[in-house]
Each structure stands twice: as structure tokens, then as C-alpha cells.
Amino acid sequence: MVGWTISEWIAAYADGATPEDLLTAPVATPPPDDVAWISRAPLDLWRRQFSDLREKRAAVGGDLTKLPLYGVPFALKDNIDVAGWATTAACPAFSYMPARTATVAQRLIDAGAILVGKTNLDQFATGLVGVRSPYGAVPNAFDPRYICGGSSSGSASVVARGIVPFALGTDTAGSGRVPAGFNNIVGLKPTRGALSAAGVVPACKTLDCVSIFSATVADTRTVYAVAAGFDSADAYSRPAPLDTTSKRLPERPRFGVPREPEWFGDRRAEMCYRDALATLATLGVECVPIDFSPLHEIAALLYQGPWVAERYAAIESFVVQNAAAMHPVVREIILGAAKFSAADAFKAMYRLAELKRVADALLAEVDALAVPTAPTIYQIAEVEADPIRLNNRLGTYTNFVNLLDWSALALPAGFRDDGLPFGITLIAPAWHELALGEFGERWQARLALPLGATGRAFAAKPPARTAGPPPTATTVRLAVVGAHLTGMPLNRELTERNAIFIERTSTSGAYRLYALGGTVPPKPGLVRTGDGAPIEVELWDLPLETFGSFVAAVSAPLGIGTLELADGRRVKGFVCESWAIGQATDITVFGGWRAYVAADRNRTPN
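Residues numbered from 1 in each chain as written. Predicted model: local features only at pLDDT ≥ 70, side-chain atom pairs only at ≥ 80, totals over all residues. Heavy atoms only, no water.

### Focus on the sheet that holds strand β3 (residues 114-119)
So, step 1. Taken together, the eleven strands give an open sheet; going across it, the order is β1-β3-β2-β4-β6-β5-β10-β11-β9-β7-β8, and neighbouring strands pair in mixed fashion. Edge positions in the open sheet fall to β1 (37-40) and β8 (286-290), since each of these has one partner strand only. Shown here is a sheet whose adjacent strand axes are inclined to one another by a mean of 25°, direction ignored.
So, step 2. Two elements, strand β7 (residues 254-258) and β8, share five bridges in a ladder whose sense is parallel. Its bridge partner being in β8, V257 is matched across the sheet by P289.
So, step 3. Those strands touched by helix α5 (residues 153-160) are β1, β2 (73-77), β3, β4 (166-171) and β6 (209-214), and its axis lies near 155° from that of β4. (Pairing = 2+ DSSP bridges. Helix = DSSP H or I, 4+ residues; strand = E, 2+ residues; numbered from the N terminus. Axes fitted to C-alpha atoms, helices over the stretch in contact; angles between N-to-C directions. Contact = heavy atoms within 4.5 Å.)

Have a look at this one:
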């Protein structure tokens, strides 16, 4: 189970395993000296979570498709609240017991996920290094002499080592990206407000994002589909625009790259980046050198300008009474807010507005940016000897993103000749995380790097599941893709005709899925284009004597044709006439109608 992806956990449960069977060592009983963790679930809490999960399964009639993270273990950065767990933000004197669970964590738990523990971080999420914690410096998953990166160090570490398939962090200046790059995993920095920050200890409340770590882009997208959504309890939450799902990168995109990249003398990182650009070219990408100086000026505003005062405002009442209890480097940074006035803050906001016009114009010339996740990496001893200067270098390609309200996806990009991982980050405008994820899956399939530090091979497709029994001579096996899925409005048209559910599977990668306009209830259209992705379907066996009446009720542009499944089988199933997709929304990135409906529901304001 070490290093299992979400799809492997789900497949195991579909084959009859239970969470009680699988959630054993090293998930439930970690080494006592593992500094990646601040707190772990005690035995009574494991039992309570198992009991709650049994109730959830019973409530959906055993249909695990309605619990997309059923029994999947995960971890949270310890600045995210969970009722019954202390929140420390890596400062014992700050510790408190929250009464409510953060919205983003509750959504994961409601989807069936099991919380394993809360992870270490740079205190108050202040740093990109992962060493500013009284709970210990989190080491790199590949070489313990080197930093893990921060501030979400513990979350990145437990994913890289395969203890959990995903974990949440936070990202204000790069904390959800730098640790991903240093540990050969994926890190998603969503659009500001896409994931609720209600119940998250703020660093810079106007800039903070909850981030997602996993070993694969596919898993990151699965978690995002569950966790994202408007939350009225978060003043900075916002619903996704209606056209979010139609945003896609072109088949042959243009990526902006730094005209004069800064490496701080790190030739190994420079060579890895050159290799990454060459690989992008094999995927049809045109790399366009652009002037990054406006972005670097924006990045400097974050720590060298008055935004540090926002960090002070976030914990002012604590700092006034307990400054001596803080990590000395964090204290020095946050108390530095005293030198900035309100006038300084307004002047910086005016300058940011001016620079954002320039930066948005730069980004408009390309489809995305492709930058090194970090320009270099340091040993723990080096950072402890020169903590602020070296930390600031690590934010060269991350600090500007949140200030500009852009989205970003950190991807594994190979290994240096000293064995340490190297990563690149794709950056696009707000609400482009699905588009970045779609390209990220192509990238990850192209490189096929081992997963994290586990040594496990990357598999582009989810593990095969046991196929259902073959159809009988008196039935027709039918693949349904939308409103006829279990729990959807038209599923009764199957059950009323005595259809029997056989299995949940997916099509081959030759199909694209579209949300059709003007259909009641809402329906998708599945079109074979040859350049799509696997789309979730359910297989039902429909008696021959009722098949005719079922087909007669299907209205244009939908029809019944022959579908190709991921394992090569061919079955009857819903197809859509190509003329109908002209005004439809391409939702292929969701991998299925159920995930799209869930995401669309979360985007709707309460």
C-alpha cells in the first residue's frame, strides 16, 4: 500500500477490501521520530473514523461511486482546523482546539477520506524551506542533508514517501509548489478563493490558497473536484466562472520561459531546465523567451514590501503577548512589519496594480508560463546559517503568482546528476487549473518518472479492475455515461426495465465528453474524436424485451451506438451526433459526468 494512488485505493475497496483491513502500518503506526508529523490519529479516533465511514456507506446504499474518496488516507498541514485535533501552526504556544472543521477538510471527509494526521510546517507558514519549526526540520525525501522545502514541508514529505496518496498544504508565496519540486511530486496552487480558506490559520489572508500535493496529476485533479467550491463562510471565496470547464490549452501551446533565468550558480538545475524545455518541444510546445523583470519586481513586493504587515495582522494578538515563543527567524520577519506605514501599503498596492497590467499583457502573448519551480536547492545546514537570504532565492519563480491572481501547477521534471529531483511549474491566468492539469497529465505520461521517492513506476492508466460477468443471450450490455448513471435523474429508466448494474469502468482514450445545452435534465454528449481521454461509464445488462422501448425514448442528438472500453471490449452505449457540440462545453478534463456535476454544484454560491 505504500505509494498507492487514489485509484489503487478505490480499486482495492471495489474488490472487497475494507478500510480496517488496509489502513495499517506504516499508515497507522509511523516511526515515532518522523518529524514530518505534528499529530497523528490515536486509536480511538481511527475507530471513530471507521464507524463514520460505515455510516456514510450505508447512507448511499453501498454505492461507492457516491463517495469518491472512500477510505483514502490523507494528511493536512497543521494550520488547517479539524474538530477534535489541535491546530498549532508549528507554534506550541499558539495551539488551540477548534470547534469546527475547515470547510475544505470537511468536504474531503464527507467524500469518504480518512485523516491520518497533521503535518509539520515552517511556523505560521512563513518560509519556503521547511526548517523553521520547533518540531524539527523536515528533510528532503531523497537526501536528508537537503531541505524538503516549505512551508508545507510535512505534507510534501508524507506524499513523496507514499504514506498517503494526497495531502493539503497552503500557498502564499510558493509553499504548495517548492516542496513539490524538491520531492518529485505534483503541487497544485489553485486560483485564489477556489478552495475555501475558512478554518485555515491565515498568513496573508488576501493571498492565501489551500494547495494540493499528490504523486500524480490525475490524483490532484480528483481531490480538486471534491474540495473546490464556493463557501460563504470564507470572505475571499468565489464561485468559478461558468466557462471554467471549457478552458483548454491548444494542442500545440506556446509557453513563455524566462529570457535570462537566474540560477544562483546552480549548473545542475540549469541543465535540468534545458532538458525540460527539450521535452516540452517533443509535446508540441513552442517555448517563447520573455522578459521576467516585471514579475521579479512583483515578487520583491511580497517579502520586501508591506505585505509582511499582513502576516503581522493575521496573528497580532498572539505576537503582542508571545513574541518570545516564536521561532527566531519567523519572529524577525513578522516583526519587520513595524517599519511599514499605511501609506507604504497603499503605495505598494498602486505599484502592484501598474505591474499587473504589464504582467497580464505578457501572459496574454502565450498560453502559459513554464518556469523552474525553484532555481536551486540548499542543504539544511546552509539554510540555518543564512536563513533569510537563501529562503528568498527559492521564491524567484513563485512569489509573484498569488499577487497576480494566477493559477499554477508544479510538476516533476527529472533528476539532477546528484540524485535530487528537479521540477517545473506551469503558470496560467486564474481558473485555468483544469487546463493546466490536462496538459500536466500529458507531461507526466511522457516522462513516466517514478512516483515520489517510493521507486514505484508511474502508470498512465488506473489499475485494471475485475471485469463483470459476460452478458447473457437474453440481455444487452449497455454503457451509460450521464443522466442514467446510478443516482442520476434518469437511472429509473433502467431499473424500471429490470436492468442489472454490472460494473463501473471507463471508455478508451478516444472520446471527449461535452455538457449539452438546453437539455432537461442536464445531459452530456460522448463523441469519438480520437484525441480524448478515458471517460467514466457504468455497464448495465438490459433485458432484450425492454431494450427496444429504452432506445425509443432516447432523443436526438443522443443515440445508441457501439463504444470501445479501456480494456478493449466493445459494448452498446450512448453516443452523440457531432453537430450538437458546436454550442456545448467540453468537460473531458473531469473524466466523467459525475465529477463534472459535483464540481458544478460546488461552484454554485450558497
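Picking up after the structure, the text goes on.
### Observations concerning helix α17 (residues 433-447)
So, step 1. The terminal C-alpha atoms of α17, which comprises 15 residues, lie 20 Å apart, in line with the 21 Å expected from a rise of 1.5 Å per residue.
So, step 2. For α17, every residue scored as buried is listed here: E433, L434, A435, L436, G437, E438, F439, G440, W443 and Q444.
So, step 3. Positioned one or two residues after α17, A448 has a phi angle of 50°, which is positive. (Expected span 1.5 Å × (residues − 1). Buried < 20%, exposed > 50% of the residue type's maximum accessible area, 1.4 Å probe, protein only.)

### Considerations on the packing of helix α9 (residues 293-304) against helix α13 (residues 342-364)
So, step 1. Running from amino to carboxyl end, α9 crosses α13 at an angle of 150°, the nearest separation of the two axes being 9 Å. Crossing hand, α9 versus α13: left-handed. Taking contact as the criterion, the partners of P294, L295, E297, I298 and L301 in α9 are, on α13, A348, R351, L352, L355, K356, V358, A359 and L362.
So, step 2. Along the lines of polarity and charge, the residues of the contact of α9 with α13 split into ten nonpolar, no polar and three charged. (Left-handed = near helix turned anticlockwise from the far one by under 90°. Nonpolar A, V, L, I, M, F, W, Y, C, P; charged D, E, K, R; others polar.)

### Brief notes about α9
So, step 1. Here α9 contains twelve residues, and its C-alpha end-to-end distance of 16 Å stays within 8% of the 16 Å for a straight helix at 1.5 Å per residue.
So, step 2. Buried within α9 are the following residues: P294, L295, I298, A299, L301, L302 and Y303.
So, step 3. Each element contacted by the buried residues of α9 is listed here: α10 (308-314), α13, β9 (368-372), α15 (387-394), α16 (399-403) and β10 (406-415).

### Quick notes on empty space enclosed by the protein
So, step 1. Taken as a whole and judged by the stated rule, the model has seven cavities of 30 Å³ or more.
So, step 2. In this structure, the second largest cavity spans a volume of roughly 80 Å³.
So, step 3. If you trace the second largest cavity, you find it lined by G181, F182, A269, T373, A374, T376, I377, R416, P421, F422 and G423.
So, step 4. Taken together, the elements giving at least two residues each to the lining of the second largest cavity come down to α6 (178-182) and β11 (421-429).
So, step 5. A total of three residues in the lining of the second largest cavity trace back to one element, the largest contributor, which is β11.
So, step 6. Per-class residue counts for the lining of the second largest cavity are six nonpolar, four polar and one charged. (1 Å grid on protein atoms, 1.4 Å probe; cavity = no way out; pocket = protein on both sides within 12 Å on 5 of 7 lines; lining within 4 Å. Points joined across faces, edges and corners; volume = space filled by probe spheres on them.)

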